Amino acid sequence: MSSLAPQVEQPESRISRPEEPVITFENVEIAFDHPVLASISFQLPRGETKILMGTAGTGKTLILKLALGLLKPDAGRITVLGEEVTQVREQDRFELRRNIGMVFQESALFDSLTVEENVAYRLIEETGRITDEIHARVLEALRFVELEHTVDLFPAELSGGMRRRVAIARAIITHPEILLYDSPTGGLDPVTSNTIIELVVKQRDVYQTSSLLVTNRLQDAFTMASHYFDREQNKMVPAGDGNVRDLHTKFLLLRDGKFIFEGTAAELLRSTDPYIREYLS
Amino acid sequence: MPVFSPTEIAKEKVGAVQDYSLLAGQSLTNIFQQPRYFADTLLQADSVGVGSLPIVILTGFFTGAVLALQTSSTLQQFGSLSLTGKLVSLSMVRELGPVLTGLMVAGRNATGMASELGSMKVSEQIDAMRAMGVDPTKKLVTPRVVASVVMMFFLSIISDLVGLCGGFVISYFLLGLDPNQYWTTAYQALRFGDVFMGLGKPVMFGFIIASIGCYYGMSAKGGTQGVGHATKQSMVAASVLLIVSDFFITRLLMGFFQY
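Let us look at the structure shown here. Worth saying up front: this structure is predicted, and the values here are computed from it rather than measured.

What counts as what
Residues numbered from 1 in each chain as written. Chains lettered and ligands numbered in written order. Predicted model: local features only at pLDDT ≥ 70, side-chain atom pairs only at ≥ 80, totals over all residues. Heavy atoms only, no water. Helix = DSSP H or I, 4+ residues; strand = E, 2+ residues; numbered from the N terminus. Contact = heavy atoms within 4.5 Å. Areas by Shrake-Rupley, 256 points an atom, 1.4 Å probe, with all protein chains shown as cover. Rg over C-alpha atoms; globule rule 2.2 N^0.38 Å. Lys, Arg positive; Asp, Glu negative; His and termini not counted. Charge placed at Lys NZ, Arg CZ, Asp CG, Glu CD. Buried area = accessible area lost by both parts, 1.4 Å probe. Salt bridge = Lys/Arg side-chain N within 4 Å of Asp/Glu carboxyl O. Polar contact = N/O pair within 3.5 Å; in protein donor to acceptor, adjacent residues only side chain to side chain. Buried < 20%, exposed > 50% of the residue type's maximum accessible area, 1.4 Å probe, protein only. Pairing = 2+ DSSP bridges. Phe/Tyr/Trp six-rings, centres within 6.5 Å; stacked < 30°, edge-to-face > 60°. Axes fitted to C-alpha atoms, helices over the stretch in contact; angles between N-to-C directions. Core = buried A, V, L, I, M, F, W, Y, C linked by side-chain atoms within 4.5 Å.

1. Considering the overall build of chain B
Point 1. The helix and strand inventory of chain B stands at 8 helices and 0 strands.
Point 2. Counting from the amino terminus, helix and strand elements in chain B follow one another as α-α-α-α-α-α-α-α.
Point 3. Contacts in chain B between residues far apart in sequence, at least 24 positions, make up 86% of those at least 6 positions apart.
Point 4. Accessible surface, chain B: about 12800 Å² in total, of which carbon and sulfur atoms supply 70%.

See the structure below:
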């Protein structure tokens, strides 16, 4: 991983009480041709990472889009950073979204912009151009994902794994309070997947960013739940069998529009539910 | 074989009209709100205006030329060949200049906008923009609408002028008309109402072209096939709406100027 240890910087919170969850879903329902999410409720406490799992089409990505206010639920309440996104107008959600970073499944990089312009997109919106300070922050974010040398390239010139890493750099450049990862390792080879997961773990442990991560890869989920980022060694290391260290990582398992499990990796592994046993096998 | 409910189809159509109206309205209200994207508007103005210039000049010139050619035999029968300039001038300024320019710009730019925004939509770039706190209607739609409205105004003027030149070439070289007579009748034929009609229509057409192109792009779904469908639909809808609105604008202005 990176030879340069990242500078620890805590984002300024929009909510005054630290004990308040950064994301709350209360009886959220949404249907398209058929019901997809049926009365789901959960909370994401500050500094915690929740891994959303479930078979394809169970509505994992939908939960991320609902949290971001990109979609409106049919029923229920969603509160993000103290603001009820289900009540605010679309115009007012833009301000809220500036405190949330999202890594899309297919990266969603702007193909007509360079890597630097993509990563600096939010900052350029505020200043209108790339200043020396913005350039330095872009390099810092790209250094975090080890892609400093790609600054002048276009997304089409990058591999799939590199595009995901640029998407992570774009999401973290403003040090958001919440990070949403939509299958960041989907379709990647195991080595590249491990690199991406190491970046996610690094973001979790170094910046203590609250995050929701959607994945279909059990291996990635358990790696996150069993490893931590060691700043001394500047790499991800196993937490050990005792797992004394609290990694602030929990699992949520979706089935038929409802959560059938919420808990730690150890609790998941101990579950006797036949569906969960089959899912894990 | 699936059975389509007429109620569902009607709901879908009404929903589409509602979505289009909201987007079109928002593209206008954004002009009075921050942030304003001047650089993007200039970029679009270059793409719509300068980019469409060659096709507008070509169609304008040959439309004026063919108009002079077609009408000359009829005018000659009544001994009124000297009125060729007047006829070309009125036809180009009031009708053919704005409409043909509109159709050319629709063919080039409404489809371009639909495919560009459609590609961004299906690859989640528009969602990414929203996720980063940027309003896509302000960033993508309003600059295109403003640029199209302004550029259609100037492109129509150019088309009218080039069309008159086309008519002049035929009148002078083939019909043997006096240049002074051609230009004098062409100039004197125009009243304020004609010029107003000729300059008012392109503004409306520019708005239709850009808002339709952006609407189909922003509502594209279903991958590359969906983008292709949106592009095709944008061309059809923009052209039809342009011709239908031309009729109503003409009728309205004819009543207003008491033709």
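2. Some remarks on the overall build of chain A
Point 1. Helix and strand content of chain A: 10 helices and 12 strands.
Point 2. The C-alpha radius of gyration of chain A comes to 18 Å, within 12% of the 19 Å expected for a compact globule of 281 residues.
Point 3. Each principal axis of the C-alpha distribution contributes one length, and for chain A these read about 55 × 45 × 40 Å.
Point 4. For chain A, the proportion of contacts with a sequence separation of at least 24, taken over those separated by at least 6, is 65%.
Point 5. Taking the 31 positively charged and 42 negatively charged side chains of chain A as two groups, their mean positions are separated by 2 Å.

3. A few points about the interface of chain A and chain B
Point 1. With 22 residues of chain A at the interface, the matching set in chain B holds 18 residues.
Point 2. Note on chain A versus chain B: buried area summed over both sides is about 1700 Å², and carbon and sulfur give 53% of it.
Point 3. Looking only at chain A, the three residues that lose the most surface to chain B are A:Phe94, A:Phe110 and A:Glu125, adding up to 28% of its buried area.
Point 4. Counting every contact that joins chain A to chain B gives 3 salt bridges.
Point 5. In this structure, the salt-bridge partner of B:Glu124 is A:Lys65, at a minimum N-O distance of 3.3 Å.
Point 6. The tally of links from chain A across to chain B stands at 7 residue pairs in polar contact (both at pLDDT 80 or more).
Point 7. Those elements that provide at least two residues to the side of chain A that touches chain B are helix 2 (90-97), strand 6 (100-103) and helix 4 (121-127) of chain A.
Point 8. With 4 residues, helix 2 of chain A is the largest single contributor of residues to the side of chain A that touches chain B.

4. Some points on the pairing of strand 3 (residues 49-54) of chain A
Residue and element names in this part refer to chain A.
Point 1. The element strand 3 is largely enclosed, with a buried count of 6 among its 6 residues.
Point 2. Alternating residues of strand 3 divide into Thr49, Ile51 and Met53 and Lys50, Leu52 and Gly54, and every residue in both groups is buried.
Point 3. By the bridge criterion, 4 bridges tie strand 3 to strand 8 (residues 210-214) in an arrangement that is parallel. Each residue of the ladder has a partner; that of Thr49, found in strand 8, is Ser211.
Point 4. Here strand 3 pairs with strand 11 (residues 249-255) via 6 bridges, running parallel. Paired with Lys50 across the strands is Lys250, a residue of strand 11.

5. Points about the packing of aromatic side chains
Point 1. This structure, assessed with the given rule, holds 20 aromatic pairs over all chains.
Point 2. Considering the side-chain rings of A:Tyr275 and A:Tyr279, the 6.4 Å spacing of their centres and the 25 degrees angle between planes classify their relative orientation as stacked. Of the two residues, A:Tyr275 and A:Tyr279 both sit in helix 10 (residues 274-280), 4 residues apart, roughly one turn of that helix.
Point 3. For A:Tyr275, a relative accessible area of 17% translates into the label buried.
Point 4. The exposure class of A:Tyr279 is buried, given its relative accessible area of 16%.
Point 5. Members of the aromatic cluster, each reached through a chain of ring pairs, are B:Phe168, B:Tyr172, B:Phe173, B:Tyr182 and B:Trp183.

6. A short note on the sheet that holds strand 11 of chain A
All names here are of chain A.
Point 1. Reading across from one edge, 6-7-8-3-11-12 is the order of the 6 strands in this open sheet, with mixed pairing throughout. Edge positions in the sheet fall to strand 6 and strand 12 (258-263), since each has one partner strand and no second. Put simply, the sheet's adjacent strands are angled 15 degrees from each other on average, direction ignored.

7. Regarding the pattern of salt bridges
Point 1. Within the structure shown, the criterion is met by 21 salt bridges over all chains.
Point 2. Of the charged contacts in the structure, one is a salt bridge between B:Lys139 and A:Glu125, with a shortest N-O distance of 3.7 Å. Highlighted residues: B:Lys139 in helix 5 (residues 136-173) and A:Glu125 in helix 4, drawn from two different chains.
Point 3. By relative accessible area, which is 14% here, B:Lys139 ends up buried.
Point 4. A cluster of three or more residues bridged by salt bridges with shared partners is formed by A:Lys65, B:Glu124, B:Asp127 and B:Arg130.

8. Examining the sheet that holds strand 5 (residues 83-84) of chain A
Residue and element names in this part refer to chain A.
Point 1. Spatially, 4 strands are ordered 2-1-4-5 in an open sheet, and the strand pairing comes out antiparallel. The open sheet has two edge strands with one neighbour each: strand 2 (35-44) and strand 5.
Point 2. Here strand 1 (residues 23-31) runs beside strand 4 (residues 75-80); their pairing, made up of 5 bridges, is antiparallel. Across the sheet, Ile23 pairs through a bridge with Val80, a residue of strand 4.
Point 3. Across the sheet, helix 1 (residues 60-67) lies against strand 1, strand 2 and strand 4, angled at about 120 degrees from strand 1, the strand it touches most.

9. Comments concerning the pairing of strand 10 (residues 235-238) of chain A
All names here are of chain A.
Point 1. Here strand 9 (residues 227-230) pairs with strand 10 via 4 bridges, running antiparallel. Across the sheet, residue Tyr228 finds its bridge partner in strand 10, namely Val237.
Point 2. Between the antiparallel neighbours strand 9 and strand 10 lie 4 residues, among them Asn234 with a positive phi of about 55 degrees.

10. Remarks on the nonpolar core
Point 1. In this structure, A:Ile23, A:Phe25, A:Ile63, A:Val80 and A:Leu180 are the most contacted members of the largest nonpolar core, which totals 79 residues.
Point 2. The element best represented in this core is helix 7 (residues 192-218) of chain B, accounting for 10 residues.
Point 3. Apart from the residues within four sequence positions on either side, A:Ile23 is in contact with A:Phe42, A:Gln43, A:Leu44, A:Ala67, A:Thr79, A:Val80, A:Ile178, A:Leu180 and A:Leu212.
Point 4. Judged by nonpolar contacts, the second largest core, of 51 residues, contains A:Ile51, A:Leu139, A:Leu147 and A:Tyr279.

11. Quick word on unusual backbone geometry
A negative phi angle characterises most non-glycine residues, just as the trans form characterises most peptide bonds.
Point 1. Look at the link from B:Gln34 to B:Pro35: it is a cis peptide, with omega at -10 degrees.
Point 2. Counting through the fold element by element, B:Pro35 comes out in the loop between helix 1 (6-29) and helix 2 (38-77).
Point 3. Residues other than glycine seldom take positive phi values, yet A:Asp256 does so here, at roughly 50 degrees.
Point 4. Tracing the backbone through its elements, the reader meets A:Asp256 in the loop between strand 11 and strand 12.
Point 5. On the basis of relative accessibility, which here comes to 64%, the residue A:Asp256 falls in the exposed class.

The values are spatial; any link to function lies outside them.
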